[in-house]
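# Reading the structure
Each chain, letter by letter, is given below.
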Amino acid sequence: MLQVLLSGVATGAVYGLVAMAFAVVYYVTRVINFATGQLLMMSIMATATLSEHGFPVALAILIGLAMSTCAGVVIYGLAVRPVLRFSRFSFAWLVSTLGVAIVLESVAAAVFGPTSRGFPALLHQKSVHLAGASVTWQELLAIGVALGCLAGFELVRRRTLFGKVGMAIAADPEMASAVGANTTMYAVFAFGTGGLLAGVAGVLVGPITYANPYLGGTYGIVGFIALMIGGVEKPAAALGGGLVLGVLSVGANTYIGSQASDWFPFVVVIVVLLFAPHGLFASGNLLKRRARRVGARYASAEGA
């Protein structure tokens with residue numbers, strides 16, 4: 001059980017980073033960027049290719065992250081902003097971002113080839129043993145980076161003027177724009193941050209899965225499922241959904257079968273949405289309301 005928990009949390013940290021990439025964009029713009037998984041793939045492929053051509057690993061990683069960040073901004077400029085300018089309440093961005101995802105995947109397969117290639121080992125070969133369970137330093141790094149990204153985002157959001165203006169835009173973009181907030185700049189920042197988070201997830205998962213042009217579709221779907229499990233309202237909820245999904249997926253692989261992770265996430269998200277339509281960690285969901293009612297009844301019973 002400890003091994004399942006450790007491996008699940010490490011896997012869930014990567015899922016959670018992808019879910020956070022979705023959530024940061026949605027938090028500011030109310031848009032789901034369905035090309036998020038392909039941004040992860042772009043970071044992996046760029047890092048692996050540059051490393052193969054003799055670039056230092058650290059420099060290759062930085063270039064890969066820069067590419068995924070810039071690609072996120074370009075997606076906003078080419079596929080999202082034009083449709084939102086036409087109608088803020090249009091859902092045309094769903095088709096446009098899916099189209100970008102297909103184009104990026106096809107171009108990557110044509111440029112790099114459809115086969116997998118090696119990724120710099122980083123810390124994947126070294127392990128730590130805890131009470132009979134083992135976890136690699138790469139997995140510990142994934143957990144630490146995910147928590148660090150969340151802490152950094154929340155610090156900016158809650159403690160800085162920039163973050164508080166972003167909260168105002170997220171709550172009421174029309175009113176925030178009317179009083180002078182630059183909503184376009186914040187949307188660009190959100191898409192860039194989403195690209196960066198997806199790129200970071202790619203760098204963390206690359207040593208485990210290798211580099212492949214089709215990884216984006218897989219991790220995009222899993223990240224979106226994690227987002228639905230945790231909740232779309234806040235990036236912290238999205239990360240929580242990723243951790244839950246990671247632990248349950250590794251547990252399913254261990255106790256049900258090695259292919260269970262292919263279908264088990266879909267079962268989990270269906271069950272969660274039946275009982276908590278807004279996500280497990282969303283404010284005001286059904287489970288939290290029931291827990292508060294039970295607590296209130298218990299308190300009143302003790303008072304009586």
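Above this text is the structure in question.
Residues numbered from 1 in each chain as written. Predicted model: local features only at pLDDT ≥ 70, side-chain atom pairs only at ≥ 80, totals over all residues. Heavy atoms only, no water.

## Overview of the overall build of the chain
- Per the secondary structure count, the chain includes 12 helices and 2 strands.
- Starting at the N terminus and ending at the C terminus, the chain contains elements arranged as α-α-α-α-β-β-α-α-α-α-α-α-α-α.
- Scaling as 2.2 N^0.38, a compact globule of 304 residues should have a C-alpha radius of gyration of about 19 Å, and the chain matches this with 20 Å.
- If you line up the chain on its principal axes, its C-alpha atoms span 75 × 55 × 35 Å.
- The buried share among the 304 residues of the chain stands at 46%.
- Excluding contacts between residues fewer than 6 apart, the proportion of contacts in the chain whose partners are at least 24 apart in sequence is 72%.
- Here the chain has roughly 14,600 Å² of accessible surface; of this, 70% comes from carbon and sulfur atoms.
- Looking at the chain, you have 17 positive and 9 negative side-chain charges, and the mean spots of the two groups are 9 Å apart. (Helix = DSSP H or I, 4+ residues; strand = E, 2+ residues; numbered from the N terminus. Rg over C-alpha atoms; globule rule 2.2 N^0.38 Å. Buried < 20%, exposed > 50% of the residue type's maximum accessible area, 1.4 Å probe, protein only. Contact = heavy atoms within 4.5 Å. Areas by Shrake-Rupley, 256 points an atom, 1.4 Å probe, with all protein chains shown as cover. Lys, Arg positive; Asp, Glu negative; His and termini not counted. Charge placed at Lys NZ, Arg CZ, Asp CG, Glu CD.)

## Focus: the packing of helix 2 (residues 36-52) against helix 4 (residues 92-112)
- For the pair helix 2 and helix 4, the least separation of the axes is 10 Å and the interaxial angle reads 20°. Judged by the inter-axis angle, helix 2 sits roughly parallel to helix 4. As helix 2 packs across helix 4, the resulting crossing turns out to be left-handed. Here helix 2 contributes Gln38, Met41, Met42, Met45 and Thr49 to the contact with helix 4, which in turn contributes Ala101, Leu104, Glu105, Ala108 and Phe112.
- Residues that form the contact of helix 2 with helix 4 fall into these classes: 7 nonpolar, 2 polar and 1 charged. (Axes fitted to C-alpha atoms, helices over the stretch in contact; angles between N-to-C directions. Parallel < 35°, antiparallel > 145°, perpendicular 65-115°, else oblique. Left-handed = near helix turned anticlockwise from the far one by under 90°. Nonpolar A, V, L, I, M, F, W, Y, C, P; charged D, E, K, R; others polar.)

## What to know about the layout of surface pockets
- By volume, the largest pocket amounts to about 500 Å³.
- Around the largest pocket, the lining comprises 24 residues; the ones closest to its centre are Thr11, Tyr15, Tyr219, Val222 and Ser261.
- Looking at the lining of the largest pocket, the elements that each hand over two or more residues are helix 1 (2-29), helix 5 (137-159), helix 8 (183-209), helix 9 (215-230), helix 10 (235-255) and helix 11 (264-275).
- In terms of residue class, the lining of the largest pocket is made up of 14 nonpolar, 8 polar and 2 charged. (1 Å grid on protein atoms, 1.4 Å probe; cavity = no way out; pocket = protein on both sides within 12 Å on 5 of 7 lines; lining within 4 Å. Points joined across faces, edges and corners; volume = space filled by probe spheres on them.)

## As for the pairing of strand 2 (residues 133-136)
- Relative to strand 2, strand 1 (residues 127-130) is paired through 4 bridges, and the arrangement is antiparallel. From the neighbouring strand, His129 faces strand 2, where its bridge partner is Ser134.
- Counted along the chain from strand 1 to the antiparallel partner strand 2, the turn is 2 residues long, and its residue Ala131 has a positive phi close to 50°. (Pairing = 2+ DSSP bridges.)

## Overview of the packing of helix 1 against helix 5
- Running from N to C, helix 1 and helix 5 point in directions that differ by 25°, and their axes come no closer than 8 Å. The angle between helix 1 and helix 5 places the two elements in the roughly parallel class. By crossing handedness, the relation of helix 1 to helix 5 is classed as left-handed. Of the residues in helix 5, those touching helix 1 at Val9, Ala10, Ala13, Val14, Leu17, Met20, Val24 and Tyr27 are Glu139, Ala142, Ile143, Ala146, Cys149, Leu150, Phe153 and Arg157.

## A few points about the packing of aromatic side chains
- Tallying each qualifying case throughout the model produces 9 aromatic pairs.
- Judged by centre distance (5.5 Å) and plane angle (50°), the ring pair of Phe34 and Phe224 falls under tilted. Of this pair, Phe34 sits in the loop between helix 1 and helix 2 while Phe224 sits in helix 9, and the two are 190 residues apart along the sequence.
- Of the residues examined, Phe34 reaches a relative accessible area of 24% and is grouped as partly exposed.
- Taken together, a centroid distance of 5.9 Å and an interplanar angle of 75° make the contact between Trp263 and Phe264 edge-to-face.
- A relative accessible area of 42% places Trp263 in the partly exposed class.
- Through successive ring pairs, a cluster of aromatic residues spans Phe22, Phe34 and Phe224. (Phe/Tyr/Trp six-rings, centres within 6.5 Å; stacked < 30°, edge-to-face > 60°.)

## A word on a nonpolar patch on the surface
- A cluster of nonpolar side chains, namely Met1, Tyr255, Ile256, Trp263, Val267, Ile270, Val271, Leu274 and Phe275, defines an oily patch on the protein surface of about 990 Å² accessible area.
- When residues in the nonpolar patch are grouped by element, the largest group, 5 residues, is from helix 11.
- In this fold, Ile270 is placed in helix 11. (Patch = residues over 30% accessible without salt bridge, like charges linked within 9 Å, V, L, I, M, F, W, Y side chains within 5 Å. Salt bridge = Lys/Arg side-chain N within 4 Å of Asp/Glu carboxyl O.)

## Let's talk about helix 1
- With 28 residues, helix 1 should reach 40 Å at 1.5 Å per residue; the first-to-last C-alpha distance of 39 Å fits that figure.
- By the criterion of burial, helix 1 is predominantly enclosed, with 22 of the 28 residues buried.
- Phi turns positive one or two residues past the end of helix 1, at Arg30, with a value near 60°. (Expected span 1.5 Å × (residues − 1).)

## Regarding the environment of Gln3
- With respect to the helices and strands, the residue Gln3 is situated in helix 1.
- A residue is classified by how much of its surface remains accessible, and Gln3, at 31% relative accessible area, is partly exposed.
- C-alpha separation for the pair Gln3 and Gln259, spaced 256 residues apart in sequence, amounts to 18 Å.
- If near-sequence neighbours (up to four positions away) are discounted, Gln3 is found in contact with Ala133 and Ser134.
- Here the side chain of Gln3 touches Ser134 through a polar contact of 2.8 Å, landing on its backbone nitrogen. (Polar contact = N/O pair within 3.5 Å; in protein donor to acceptor, adjacent residues only side chain to side chain.)

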